[in-house]
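# Reading the structure
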Amino acid sequence: VAAQSLTLLFNGGFPPLIGSFLTIYVRMACLCLAQRASLMLFQKETADISRLIHEKENKISLSTVTKLMDLQERFSAFESQICFVEITPQEQGIEMYSMFTESFFIEKELQNVKSQIDGLHDATDTYLDFSFNKIALMFTFVGALLGVLELINIPEIKNLEWIIPLVGTALSAILMG
């Protein structure tokens, strides 16, 4: 078994196990090719999402987070439905499947895609946590300002219409900053 070929050796005549070969080993090869193609597609999608995250003008948008969540969901389904540890109880079949997965670098690529998705997940979590912290800071600022105004207890301050533009300016400075 190699990345470009699978060789069957026999000593003359028509091999008696050609039916088993065609049904089991060719399907193993097809499964490994499907796994490899799927992993390449997942790598392309992680690169696309990574590019969206790292563009300087483009902040992490809701659509980027949605794409990442969809990618994680599909990758999880891929792992549970297509990536198998062993596909047959036969020792020879297990060995052949191991050779296929090794020659197609399935396990290595699977770990690479997992780490890429985890990295993207960490990056979006960090960004969203930072955004949440800015919003929490804004509400803390407004609450503290209103608390101080209430403690001062100046009758002219009771009419708070004058403070709305001031708070709006401060909040926009915090959110933009």
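So, here's what we can say about the structure.

What counts as what
- Residues numbered from 1 in each chain as written.
- Predicted model: local features only at pLDDT ≥ 70, side-chain atom pairs only at ≥ 80, totals over all residues.
- Heavy atoms only, no water.
- Phe/Tyr/Trp six-rings, centres within 6.5 Å; stacked < 30°, edge-to-face > 60°.
- Helix = DSSP H or I, 4+ residues; strand = E, 2+ residues; numbered from the N terminus.
- Buried < 20%, exposed > 50% of the residue type's maximum accessible area, 1.4 Å probe, protein only.
- Core = buried A, V, L, I, M, F, W, Y, C linked by side-chain atoms within 4.5 Å.
- Contact = heavy atoms within 4.5 Å.

### A few points about the packing of aromatic side chains
Counted under the stated rule, the structure contains 4 aromatic pairs. Geometrically, the ring pair formed by Phe42 and Phe75 is edge-to-face, given 5.2 Å between the ring centres and 90° between the ring planes. With Phe42 in helix H1 (residues 18-54) and Phe75 in helix H2 (residues 62-81), the pair connects residues that are 33 residues apart, well separated along the chain. Of the two residues, Phe42 and Phe75, both sit in the buried class. Among the aromatic side chains, those forming a connected cluster through ring pairs are Phe42, Phe75 and Phe78.

### Observations concerning unusual backbone geometry
A positive phi is found at Phe105, a non-glycine position, where the angle reads about 55°. Taking relative accessible area as the criterion, Phe105 reaches 47% and is therefore assigned partly exposed.

### Quick word on the nonpolar core
One finds Leu39, Phe75, Phe78 and Phe100 to be the most contacted residues of the largest nonpolar core, which totals 25 residues. At the level of elements, H1, H2, helix H3 (91-103) and helix H4 (106-152) are the ones that each hand at least two residues to this core. Top contributing element to this core by residue count: H1, with 9 residues. Non-local contacts of Phe75, meaning those with residues more than four positions away in its chain, are made with Leu39, Phe42, Leu110, Val113, Lys114 and Ile117.

So yeah, pure geometry; function would need other evidence.
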